Amino acid sequence: MAIDRRHVLRGALAAGIVAAVPARAARQAAIPGVVGEGARLVEVHAGGRWCEGPVWDRRTSTLVFSDVRANRLLRLEPDGARPIRDPSGFANGNAFDRQGRLVTCEHLGRRLVRQEADGRLTVLVDRFRGRRLNAPNDLAIALDGAIWFTDPTFGLTQPEEGRMAPPELPGRYVFRLDPDGTLDVVADSLEQPNGIVFSPDERTLYVSDTSAADGREGRRAIHAFDVVGRRRLARQRLFADVETGIPDGLEVDAAGRVFAATDRGATIWSPDGALLGHIATPATCGNLAFGGADGQRLFLCCGASIHAIGTTTRGAAWA
Ligand code: MG
């Protein structure tokens, strides 16, 4: 493909228009400060199995994502999705570090890996005090380079998302991996920690607790914690909960609003926990991320497909 055409198509991807995929649009009710009246949800990827871990790659202006159940890590190019790793070790959450290296949670290897500039994978962590992690699910990288991640057991109990195995750890923790390699438990109070995101000032950490996904009565809540000295958590409180489904992946915008992937689509709260509304998706949303050149597009992973919508806000990383 000629470079000029790629460039044009890449711009089209950033605008949420992908010629190769037929767009199915739906009208959206306005949410003040978030989406305007009639904002259109557009399908940008289809034919997946369970799309997850979306993250915008600013170097290439493309969306990187996992298809957990297809066991692949992909990049959404202007003319379709291309595998980055196939198989991916049942990759789930993804994030770029300050050096632009992709850090990925792997269910199968029960580890965090980082892809170096030459393509090699570095295992960042796979054990805590000699015992294997459960199945790292999602992560947030702080400005100081520490990687905060959740380690529920879904990758050990859902055969389509990993390999059935008994856990070695006595709990399901939120961990902080220091740049020097030190691994600490920062929260042990959640039943199945899942989505994780910092407020824009990194003074608050939001973590979803999703034991309701185990098919029994369980939690479907988002908890907030104060981040103390960049190293530990304090003052845990219930931030929000949902009535059905679970709040899976989390995202924040530049104004500190919290976005959760839910069975409604994206559910959005103000920083003080007031429900602002929903961006409806055609199927349960598992994770979401801001992207596009200006950080104003919200990408929503909805099972087999990924959708995008233009917002009137922008991701915290673009603040
Ligand atoms: Mg998750």
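Report follows, based on the coordinates. Positions within a chain are numbered from 1, following the residues in the order the chain's sequence is written. Local features are withheld for residues below a pLDDT of 70 in this predicted model, meaning they are given only at 70 or higher, and side-chain atom pairs are given and counted only at 80 or more; totals for whole chains, interfaces and linings count all residues. With hydrogens and water excluded, all non-hydrogen atoms of the structure serve as input to the side-chain values.

Concerning the overall build of the chain
- Helical segments are the DSSP runs of H or I of at least four residues, strand segments are the runs of E of at least two, and each set is numbered from the N terminus. Of the regular secondary structure elements, the chain holds 2 helices and 27 strands.
- Throughout, radius of gyration means the C-alpha value; the globule benchmark is 2.2 Å times the number of residues raised to the power 0.38. In summary, the chain has a C-alpha radius of gyration of 18 Å against a globular reference of 20 Å for 319 residues, a match within 12%.
- Principal-axis analysis of the C-alpha atoms gives the chain an extent of 50 × 45 × 35 Å.
- Contacts spanning at least 24 positions in sequence make up 47% of the contacts within the chain whose residues lie at least 6 apart.
- Values of accessible area rely on a 1.4 Å probe in the Shrake-Rupley scheme; residue burial ignores everything except the protein chains shown. About 13,200 Å² of surface is accessible on the chain, with carbon and sulfur atoms providing 48% of the total.
- Charged-residue counts in this description rest on Lys and Arg as positive and Asp and Glu as negative, His and the chain ends being excluded. For this purpose, a charge sits on NZ of Lys, CZ of Arg, CG of Asp or CD of Glu. Where the 40 positive side-chain charges of the chain centre and where its 39 negative ones centre are 3 Å apart. Contacts: residue pairs with any heavy atoms within 4.5 Å of one another.

Considerations on the sheet that holds strand β23 (residues 265-269)
- When DSSP locates at least two bridges between a pair of strands, those strands are taken to pair. Strand order across the open sheet formed by 4 strands is β21-β22-β23-β24, with antiparallel pairing between neighbours. Either end of the sheet is taken by a strand with one partner, and the two such strands are β21 (250-252) and β24 (275-280). Sheet twist, expressed as the mean angle between neighbouring strand axes with direction ignored, is 25°.
- Where β23 meets β24, 5 bridges bridge the pair, whose relative direction is antiparallel. Bridging across to β24, Gly265 finds its partner in Ala280. What counts as an axis is a line fitted to C-alpha atoms, over the stretch in contact for a helix, and the angles between N-to-C directions run from 0 to 180 degrees.

Quick word on the pattern of salt bridges
- Salt bridge, as used here: a side-chain nitrogen of Lys or Arg that lies within 4 Å of a carboxyl oxygen of Asp or Glu. Within the structure shown, the criterion is met by 20 salt bridges.
- Between Glu106 and Arg111 there is a salt bridge, with the nearest N and O atoms lying 2.8 Å from each other.
- Looking at Glu106, the relative accessible area reads 4%, which means it is buried.
- What emerges from the salt-bridge pattern is a single network uniting Asp97, Arg101, Arg114 and Glu116. Buried residues are those whose accessible area, probed at 1.4 Å on protein chains only, stays under 20% of the maximum for their type, while exposed residues exceed 50% and partly exposed ones sit between those limits.

As for the nonpolar core
- Ile279, Leu298, Leu300, Ile306 and Ile309 are the most contacted members of the largest nonpolar core, which totals 29 residues.
- When residues of this core are assigned to their parent elements, the largest contribution, 5 residues, is made by strand β26 (residues 297-302). The definition of a nonpolar core used throughout is a set of buried Ala, Val, Leu, Ile, Met, Phe, Trp, Tyr and Cys residues joined through side-chain atoms within 4.5 Å.

Points about the pairing of strand β9 (residues 111-115)
- Note: strand β8 (residues 102-106) against β9, 5 bridges, orientation antiparallel. Counted as the bridge partner of Leu102 is Gln115 from β9.
- Connecting β9 to the antiparallel partner strand β10 (residues 121-125) that follows it, the hairpin turn spans 5 residues, and Gly119 within it adopts a positive phi of roughly 95°.

Describing the state of the cysteines
- When two cysteine sulfur atoms are found within 2.5 Å, that pair is recorded as a disulfide. The tally for this structure, following the rule as stated, stands at 0 disulfides.
- Counting only cysteine sulfurs, Cys301 is the nearest neighbor of Cys51, a cysteine outside any disulfide, at a range of 5.6 Å.
- On the basis of relative accessibility, which here comes to 0%, the residue Cys51 falls in the buried class.
- The thiol of Cys302 is unpaired, and the distance to the nearest cysteine sulfur, on Cys285, comes to 4.4 Å.

As for the sheet that holds strand β13 (residues 139-141)
- Strands sit in the order β13-β14-β15-β16 across an open sheet of 4 strands; the sheet is antiparallel. Pairing within the sheet leaves two strands with one partner each, and these edge strands are β13 and β16 (183-187). Within the sheet, the average angular offset between the axes of one strand and its neighbour, ignoring direction, is 25°.

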